[in-house]
Amino acid sequence: MNEPLVQRHWVALAAPKVAPAIATSTVLILGRIWNANGAEHSTGNAALMVVLAAGAATAGAFAAAGRGGGDGVLAGTAFATSGGLALAGVAGYADGLPLPLLLWALATTAAYGIAARYWRTDRRDTVAFERQTAARREEHGHIERVELLRSRTQIEVARETGAYAEALAAALTARATLPGFDPQALTRAGLPELPSPNQ
């Protein structure tokens, strides 16, 4: 039961942990770039972001209330998109940097709070899978060891039985060559009949 060892690169291990901060920071940066290019105090741009954020939130609500409990991943994506659009709208429309930074901090904290729940669930599932795998390995290893002992025992018994049969045949052959040996005397004594030499 040898399995290859897989060592993940540190970047692959760290990427999920920094993804929420990268996502909210990217939205903030793009919003500020948009602000510098004329979105500040633009009613049309603000209305566009309000409509887009409301549309994404509505899509998330429909996805969450969809048939049979809805699709959690789709709803989460839609709500995250709505929050990102709202953050980008505020970052693009606001005068200074304090309000966008405050919203960025709140969005990042909320993203980490939501992600932590999924990380705990994923970790719990991973630990449960590793425990089940270890239990299966132990069970298979135990079965292999028992079968190995059983097969070795059978081989030893067969080897000893063969050696005993050879020794008995050699003893009977040697006894038959002795003068005065009477095979009928063995039969009369109640021992099983020995095969005749010409059989």
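Because the structure is predicted, anything quoted here is derived from the model rather than measured.

The rules behind the values
- Residues numbered from 1 in each chain as written.
- Predicted model: local features only at pLDDT ≥ 70, side-chain atom pairs only at ≥ 80, totals over all residues.
- Heavy atoms only, no water.
- pLDDT = per-residue confidence, 0-100.
- Helix = DSSP H or I, 4+ residues; strand = E, 2+ residues; numbered from the N terminus.
- Expected span 1.5 Å × (residues − 1).
- Buried < 20%, exposed > 50% of the residue type's maximum accessible area, 1.4 Å probe, protein only.
- Patch = residues over 30% accessible without salt bridge, like charges linked within 9 Å, V, L, I, M, F, W, Y side chains within 5 Å.
- Areas by Shrake-Rupley, 256 points an atom, 1.4 Å probe, with all protein chains shown as cover.
- Salt bridge = Lys/Arg side-chain N within 4 Å of Asp/Glu carboxyl O.
- Axes fitted to C-alpha atoms, helices over the stretch in contact; angles between N-to-C directions.
- Parallel < 35°, antiparallel > 145°, perpendicular 65-115°, else oblique.
- Left-handed = near helix turned anticlockwise from the far one by under 90°.
- Contact = heavy atoms within 4.5 Å.
- Nonpolar A, V, L, I, M, F, W, Y, C, P; charged D, E, K, R; others polar.
- Polar contact = N/O pair within 3.5 Å; in protein donor to acceptor, adjacent residues only side chain to side chain.

With that out of the way, let us pick up the confidence of the model for the protein chain. Overall, the prediction assigns the protein chain a mean pLDDT of 80, with 87% of residues at 70 or greater. Confidence, read as mean pLDDT per element, is least for helix H5 (residues 183-188) in the protein chain (72) and greatest for helix H4 (residues 98-176) (88).

With that out of the way, let us pick up H4. Side chains of residues three or four places apart in an α-helix project in the same direction, reflecting 3.6 residues per turn. Between its first and last C-alpha atoms H4 spans 114 Å; for 79 residues at 1.5 Å apiece the expected length is 117 Å, and the two agree. Along H4, the residues that are buried comprise Pro100, Thr108, Ala115, Thr133 and Gly141.

Bringing a nonpolar patch on the surface into the picture now. The grouping of Ile29, Leu30 and Ile33 at the surface amounts to a nonpolar patch, some 290 Å² of accessible area in total. Turning to its location among the elements, Leu30 is positioned in helix H1 (residues 10-39). The class for Leu30 is exposed, based on a relative accessible area of 53%.

Relative to each other, H1 and H4 sit at 155 degrees, their axes nearing to 9 Å. Taken together, the axis directions place H1 and H4 in an arrangement best described as roughly antiparallel. Seen from above, H1 lies across H4 with right-handed handedness. Taking contact as the criterion, the partners of Pro16, Lys17, Val18, Pro20, Ala21, Thr24, Ser25, Leu28 and Arg32 in H1 are, on H4, Pro100, Leu101, Trp104, Ala107, Thr108, Ala111, Tyr112, Ala115 and Trp119. Looking at the contact of H1 with H4, its residues break down into 13 nonpolar, three polar and two charged.

Take the side chain of Asn35 next. Tracing the chain through its elements places Asn35 in helix H1. Looking at Asn35, its side chain comes within polar contact range of the main-chain oxygen of Gly92, at 2.8 Å. Dropping the residues within four chain positions of it, Asn35 is found in contact with Glu40, Ala91, Gly92, Tyr93 and Ala94.

This part takes up the pattern of salt bridges. According to the stated counting rule, one finds two salt bridges in the structure shown. A salt bridge links Glu147 to Arg150, with the shortest nitrogen-to-oxygen separation between them at 2.7 Å. Of this pair, Glu147 and Arg150 both sit in helix H4, three residues apart, which is roughly one turn of that helix. Classification of Glu147 by relative accessible area gives partly exposed; the value is 38%. Among the salt bridges present, the one from Glu156 reaches Arg159, with a minimum N-O distance of 2.8 Å. In this pair, Glu156 and Arg159 are both assigned in helix H4, three residues apart and thus about one turn of the helix distant. In this structure Glu156 comes out as partly exposed when scored by relative accessible area, which is 38%. Taking the relative accessible area as the measure of exposure, Arg159 reaches 51% and is therefore exposed.

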